[in-house]
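# Fold and geometry: a report
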Amino acid sequence: MSSEQTDRPGRPGRAKRPLVAVLSGAGISTDSGIPDYRGPNGLWRRDPETQKLVTYDAYMSDPEVRRRSWRMRRDAPTLRARPNAAHEAVVRLERSGTPVRVITQNVDGLHQLAGLPERKVLELHGTARSVVCTGCAARSGMAEALARVEAGDPDPACERCGGILKSATVMFGEALDPVVLGEAVAVTKACEVFVAVGTSLTVHPAAALAGLAADHGARLVVVNAEPTPYDDRADEVIREPIGTALPALLDGLATA
């Protein structure tokens, strides 16, 4: 089992501390006002048709789907959301000198907004804070694209090549970035503590990381309101609200 020397400066000679991997799902962001799409009351269950708006083939082939998708992005709370106590607890753990890597299924960017360095966050499903051209691959800010929607352009095209723009998220029908996934697997194999928080652990390949961590000897902790397929492999299962349970757990790790 491996551990990682903290890379924070100014602490020569300090003993190594165990690498902590945090796999975060939608549940960590609900206290920030971002809905859980897959939970018992999630949007995908209440309105399955909405999935078309984030399905690649439908999005690329149907201009009306794209127009509806841009309206959904405009009205979504994602860009207005702020980090909550759970995100802040992860940052405190990292600033304590504990090596931390976040593997997130979320696209909201709240871990980074809370103060976690970009290089310590692996966004498996991309980010909703940027847009990408499906033609030339140019990237730009989501805020700028939404400003064009507000100004009356219902389906803004790439300003460089005229191609179709989409959010820089992994839509249904798209594969995960193999580089990001590879890094997530490496972190999972190397960590000594793996915390799965706010995730149903049913969406693969992300869900399989919990089992992979256990296979490599990590202490597996599941923090989620509903049962998950990996609860029976966990060293600890916490059903308490994430906004209080995760800070208590991570603050304990920071002082251990």
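Refer to the structure above for everything that follows.
This is a predicted model, so every value here is computed, not measured.

## Describing the overall build of the chain
Helix and strand counts for the chain stand at nine helices and nine strands. Looking at the chain as a whole, 50% of its 256 residues qualify as buried. Look at the contacts in the chain between residues 6 or more apart in sequence, and 64% of them connect residues 24 or more apart. Of the roughly 11800 Å² of accessible surface on the chain, 51% is carried by carbon and sulfur atoms.

## Examining the pattern of salt bridges
Evaluated as defined, the whole model comprises eleven salt bridges. Between Arg 67 and Glu 64 there is a salt bridge, and its shortest N-O distance comes to 3.1 Å. With Arg 67 and Glu 64 both in helix H3 (residues 63-75) and three residues apart, the pair spans about one turn of that helix. A relative accessible area of 33% means that Glu 64 is categorised as partly exposed. The salt bridge partner of Arg 92 is Asp 251, with a shortest N-O separation of 3.2 Å. Of this pair, Arg 92 sits in helix H4 (residues 85-95) while Asp 251 sits in helix H9 (residues 242-255); the two residues are 159 residues apart in sequence, bridging distant segments of the chain. For Arg 92, a relative accessible area of 40% gives the class partly exposed.

## Brief notes about the nonpolar core
Counting residues in hydrophobic clusters, the biggest one holds 26 residues, and the most contacted among them are Val 195, Val 197, Val 223, Leu 246, Leu 249 and Leu 250. Looking at this core, the elements with two or more residues in it are strand E1 (20-24), H4, strand E2 (100-104), strand E7 (193-197), strand E8 (219-223) and H9. The element contributing the most residues to this core is H9, with seven residues. Aside from chain neighbours lying at most four places away, what touches Leu 246 is Ile 28, Ala 86, Ala 89, Val 90, Val 195 and Val 197. Ala 184, Ala 207, Ala 210 and Ala 234 belong to the second largest nonpolar core, which has 25 residues in total.

## So, the environment of Ala 168
Checked against the element boundaries, Ala 168 lands in strand E6 (residues 165-169). Sequence separation between Ala 168 and Cys 133 is 35 residues; the distance between their C-alpha atoms is 8.8 Å. Aside from chain neighbours lying at most four places away, what touches Ala 168 is His 125, Gly 126, Thr 127, Ser 130, Val 131, Val 132 and Arg 139.

## Topic: the side chain of Thr 199
Following the sequence through the fold, Thr 199 ends up in the loop between E7 and helix H8 (208-215). A polar contact is formed between the side chain of Thr 199 and the backbone nitrogen of Leu 201, at a distance of 3.2 Å. If we skip the residues at most four places from it in the chain, Thr 199 touches Leu 23, Gly 25, Gln 105, Asn 224 and Thr 228.

## Re the sheet that holds strand E4 (residues 126-133)
The strand order E5-E4-E6 describes an open sheet built from three strands, whose pairing is antiparallel. What marks the edges here is a single partner per strand, and that holds for strand E5 (139-141) and E6. Strand-to-strand twist across the sheet, computed as the mean angle between neighbouring axes with direction ignored, equals 45°. One ladder, built from five bridges, connects E4 with E6; its direction is antiparallel. Paired with Thr 127 across the strands is Ala 168, a residue of E6.

## Notes on helix H6 (residues 142-150)
Since the α-helix packs 3.6 residues into each turn, any two residues three or four apart lie on the same face. Taken together, the buried positions of H6 are Met 142, Ala 145, Leu 146 and Val 149. Buried positions in H6, seen along its axis, are confined to an arc of 95° and lie on one side of it. Exposed residues lying more than 90 degrees from the buried face of H6 are Ala 143, Glu 144 and Glu 150. Looking at the packing, one finds that the buried side of H6 touches H3, E4, E5 and E6. Positive backbone phi, approximately 115°, marks Gly 152, located one or two places after H6.

## Thoughts on unusual backbone geometry
A cis amide bond links His 204 with the next residue in sequence, Pro 205, at an omega value of 10°. The backbone of Ala 137 sits at a positive phi, close to 70°, despite the residue not being glycine. For Ala 137, the position within the fold is in the loop between E4 and E5. Even without being a glycine, Leu 201 presents a positive backbone phi close to 55°. Along the chain, the position of Leu 201 falls in the loop between E7 and H8.

Quick notes on the rules
- Every chain is numbered independently, its residues counted from 1 as its sequence is written.
- Reporting in this predicted model follows two pLDDT cut-offs: at least 70 for local features of residues, and 80 or more for side-chain atom pairs to be given and counted; totals over whole chains, interfaces and linings ignore these cut-offs and use all residues.
- As a rule here, side-chain values come from all non-hydrogen atoms in the structure, and water together with hydrogens is ignored.
- Going along the chain from the N terminus, every DSSP run of H or I of four or more residues is numbered as a helix, and every run of E of two or more is numbered as a strand.
- Burial classes: relative accessible area under 20% of the type maximum marks a residue as buried, over 50% as exposed, and values in between as partly exposed (1.4 Å probe, protein chains only).
- Contact definition: two residues touch when any of their heavy atoms are within 4.5 Å.
- The Shrake-Rupley method, run with a 1.4 Å probe, gives the accessible areas here. Residue values count only the displayed protein chains as cover.
- We define a salt bridge as a contact between a side-chain nitrogen of Lys or Arg and a carboxyl oxygen of Asp or Glu at a distance within 4 Å.
- Residues belong to one nonpolar core when they are buried, are Ala, Val, Leu, Ile, Met, Phe, Trp, Tyr or Cys, and are joined through side-chain atoms within 4.5 Å.
- Any pair of N or O atoms that falls within 3.5 Å is considered a polar contact. Within protein, one atom must be able to donate a hydrogen and the other to accept it, and sequence-neighbouring residues count only if both atoms are side-chain atoms.
- Any two strands between which DSSP finds at least two bridges are classified as paired.
- An axis is simply a line fitted to the C-alpha atoms; with a helix, the fit covers only the stretch in contact. Between two such axes, the angle follows the N-to-C directions and lies from 0 to 180 degrees.
- The directions considered for the arc are those from the helix axis to the C-beta atoms.

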